[in-house]
Amino acid sequence: MQLANRLQPLRTNVFADMDRAKARARALGRDVIDLSLGSSDLPTPPHVLEAIAQSLPDPSTHGYLLFHGTRAFREAAAQWYMQKFGVAVDPETEVLPLVGSQEGTAHLPLAVLNPGDFALLLDPGYPSHAGGVYLAGGQIYPMPLRAENGFLPVFDDVPPPVLAQARMMVLSYPHNPTAAIAPLSFFQQAVEFCQRHDLVLVHDFPYADLHFSATPPPSVLQADPQKRCSIEFFTMSKSYNMGGFRVGYAIGNAELILALRQVKAAVDFNQYRGILNGAIAALTGPQDTVQTVVDTFRQRRDVFLSALHRIGWAVPIPHTAMYVWAKLPEPWGDRSVDFCTQLVEATGVAVSPGAGFGKSGEGYVRFALVHDPAILETAVDRIASFLTQ
Ligand SMILES: Cc1ncc(COP(=O)(O)O)c(C=O)c1O
């Protein structure tokens, strides 16, 4: 069967190599400790589950949800932005519910790029940002992130011929996988740069709450309150442990929101109304559960980092929850895929190779702290024996 060429870049994926290595480890009888996926192991808050449960028997929730979801959901999102970031958002034209934020960031390039146009992406970055550009027939210009620049891109390094053909730039801070945080001044520069070069500025913001810093990470809308060129994506997956429910939203420039809505109208009928009701309960209800998530990840980070330091693996302390981005010790240097496939087959500990997040991720691995402290310590013991074998 002949399939579309656009599938090719989606097929060569190092995470598929990792999945095969995990399967081999299981077949060898290894007890797999999976630190490779950023899927939270923590439960969805009870008041959110209750709101969904109450919706289930109600027949008015059972039909297609047309247009752009419910007004109540869009208002809850707008209110959350006002409370958190002091940015006024029109719930009618500037908010769009999504079937998870990945769906939105992957669909947006279809609304923005013509075939051959460039998207400027973070390298390393979240793989579906690249996937969406490939599906839209666009070209990717990877903006390398280096430790010496705090894992922030240098906009002026983008070559003028690329800029001339570029239509969008995608940022995402707090950053997966490096755990870097960007200050408001960085977003102000990004807005200025995007306006100067007529680029759409996309900010994927799933870790808005998952940070340990005194000041919360900024929203791009604080740097572009008039929403001249920016669109931001927030998900319920991380702050409220709702990854499996698939719900998030886009917020920002009305023209972009409408364009994304038009793409989605050809693809889906929105998330189930009952799940949107759960998301409303999450956004408008008690927020102490979010603090519990952050505290849980802080404890895990402390335990995991002390264990890594104890075995002599020097890793800087991340100020973002959930991930640890670690430079590989010698002799593994630039062989992150070999390291990860051999580690999981030998010990059962699965981690993500930095190369899976882009060329500039090579030489690193990403640990997702999605297990209890005791399991994290066992994982580090196994890593120590692997490194010394
Ligand atoms: C940067 C980034 N964007 C999006 C997602 C996925 O979010 P959602 O569950 O809303 O699709 C993740 C999940 O790990 C992520 O790290």
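Residues numbered from 1 in each chain as written. Predicted model: local features only at pLDDT ≥ 70, side-chain atom pairs only at ≥ 80, totals over all residues. Heavy atoms only, no water.

1. Brief notes about helix α4 (residues 71-85)
- In this model, α4 (15 residues) spans 21 Å end to end at C-alpha, consistent with the 21 Å of a helix rising 1.5 Å per residue.
- If you check which residues of α4 are buried, you get Phe 73, Arg 74, Ala 76, Ala 77, Ala 78, Trp 80, Tyr 81 and Phe 85.
- The inward-facing, buried residues of α4 abut β2 (95-98), α9 (220-223), β7 (230-235), β8 (248-252) and α11 (273-284).
- Backbone geometry just after α4 places Gly 86 at a positive phi near 65 degrees. (Helix = DSSP H or I, 4+ residues; strand = E, 2+ residues; numbered from the N terminus. Expected span 1.5 Å × (residues − 1). Buried < 20%, exposed > 50% of the residue type's maximum accessible area, 1.4 Å probe, protein only. Contact = heavy atoms within 4.5 Å.)

2. A short note on the nonpolar core
- Core analysis: the biggest nonpolar cluster contains 62 residues, and Tyr 81, Leu 120, Met 169, Leu 171 and Tyr 249 have the highest contact counts within it.
- The element contributing the most residues to this core is α4, with seven residues.
- Both of domain 1 (5-43 + 288-388) and domain 2 (57-284) provide at least three residues apiece to this core.
- With 43 residues, the next largest nonpolar core counts Leu 42, Phe 304, Tyr 323 and Cys 340 among its residues. (Core = buried A, V, L, I, M, F, W, Y, C linked by side-chain atoms within 4.5 Å. Domains from an automatic or database assignment.)

3. Some thoughts on the site of the ligand
- Looking at the ligand, there are 14 residues lining it, with Asp 204, Tyr 207, Thr 235, Ser 237 and Arg 246 nearest.
- In the model, an oxygen atom of the ligand is placed 2.7 Å from a nitrogen or oxygen of the Ser 101 main chain.
- Between the ligand and the protein, one listed contact pairs an oxygen atom with a side-chain N or O atom of Thr 235 at 2.5 Å.
- If the ligand stood free it would expose 400 Å²; the protein chains cover 94% of that surface.
- Here the residues of the shell around the ligand are counted per class, giving four nonpolar, seven polar and three charged. (Near = heavy atom within 4 Å. Polar contact = N/O pair within 3.5 Å; in protein donor to acceptor, adjacent residues only side chain to side chain. Areas by Shrake-Rupley, 256 points an atom, 1.4 Å probe, with all protein chains shown as cover. Nonpolar A, V, L, I, M, F, W, Y, C, P; charged D, E, K, R; others polar.)

4. Observations concerning the pattern of salt bridges
- Applying the stated criterion to the full structure yields 20 salt bridges.
- Across the pair Asp 268 and Lys 264 runs a salt bridge, and its minimum N-O distance is 2.9 Å. For the pair formed by Asp 268 and Lys 264, the shared burial category is buried.
- Where Arg 300 meets Asp 372, a salt bridge forms, and the shortest distance between an N and an O atom there is 3.4 Å. Placement of the pair is Arg 300 in helix α12 (residues 288-310) and Asp 372 in the loop between β12 (364-368) and α14 (373-388), with a sequence separation of 72 residues.
- Overall, Asp 372 belongs to the partly exposed group, its relative accessible area being 45%.
- One continuous salt-bridge network, built from bridges that share partners, spans Arg 71, Arg 74, Glu 75 and Glu 92. (Salt bridge = Lys/Arg side-chain N within 4 Å of Asp/Glu carboxyl O.)

5. A closer look at the pairing of strand β6 (residues 200-204)
- Burial analysis of β6 places five of its five residues in the buried class, the great majority of the element.
- Both faces of β6 are covered, namely the face carrying Val 200, Val 202 and Asp 204 and the face carrying Leu 201 and His 203.
- Relative to β6, strand β5 (residues 166-171) is paired through four bridges, and the arrangement is parallel. Residue pairing in the sheet places Met 168 in a bridge with Val 200 of β6.
- Each parallel crossover has a hand, and the one from β5 via helix α8 (residues 184-196) to β6 is right-handed.
- Relative to β7, β6 runs parallel, the two sharing four bridges. (Pairing = 2+ DSSP bridges. Right-handed = clockwise from strand over helix to strand, strands pointing away.)

6. Section: the domain arrangement of the protein chain
- Taken domain by domain, the protein chain consists of domain 1 (5-43 + 288-388) and domain 2 (57-284).
- Distance from the C-alpha centre of domain 1 to the C-alpha centre of domain 2: 26 Å.
- Every contact between the two is made by 29 residues of domain 1 and, on the other side, 28 residues of domain 2.
- Taken over both partners, the interface formed by domain 1 and domain 2 buries close to 2,400 Å², and the fraction arising from carbon and sulfur atoms is 65%.
- Area buried by domain 1 at its contact with domain 2 is led by Thr 320, Trp 325 and Phe 357, which between them contribute 23% of it.
- Between domain 1 and domain 2 we count zero salt bridges in total.
- Run the count over domain 1 and domain 2 and you get 11 residue pairs in polar contact (both at pLDDT 80 or more). (Buried area = accessible area lost by both parts, 1.4 Å probe.)

7. Remarks on the sheet that holds β12
- Reading across from one edge, β9-β12-β11 is the order of the three strands in this open sheet, with antiparallel pairing throughout. Each edge of the open sheet is held by one strand with a lone partner, namely β9 (323-327) and β11 (352-353).
- In the sheet, β11 pairs with β12 via two bridges, with the strands oriented antiparallel. Residue pairing for β12: Pro 353 is matched across the bridge by Val 365.

8. Re the pairing of β7
- The buried count for β7 comes to six of six residues, which makes it a mostly enclosed element.
- Bridging between β7 and β8 involves five bridges; their strand directions are antiparallel. Residue pairing for β8: Glu 232 is matched across the bridge by Ile 251.

9. Section: the packing of aromatic side chains
- Evaluation of the coordinates by the stated rule reveals 23 aromatic pairs.
- Judged by centre distance (5.9 Å) and plane angle (75 degrees), the ring pair of Phe 73 and Tyr 249 falls under edge-to-face. With a gap of 176 residues between them, Phe 73 in helix α4 and Tyr 249 in strand β8 connect regions that are remote in the sequence. The pair Phe 73 / Tyr 249 is uniform in exposure class, with both members buried.
- With a centroid separation of 5.1 Å and an interplanar angle of 55 degrees, the aromatic rings of Tyr 81 and Phe 85 are classed as tilted. Taken as a pair, Tyr 81 and Phe 85 lie in helix α4 at a separation of four residues, close to a single helical turn. There is no split in this pair, since Tyr 81 and Phe 85 are both buried.
- In textbook terms, an aromatic cluster arises when at least three aromatic residues are bridged by ring pairs, as seen for Phe 73, Trp 80, Tyr 81, Phe 85, Phe 205, Phe 234 and Tyr 249.
- For the cation-ring pair, Arg 300 lies above Phe 297, with the distance from its terminal atom to the ring centre recorded as 5.3 Å. (Phe/Tyr/Trp six-rings, centres within 6.5 Å; stacked < 30°, edge-to-face > 60°. Lys NZ or Arg CZ within 6 Å of the ring centre and 35° of its normal.)

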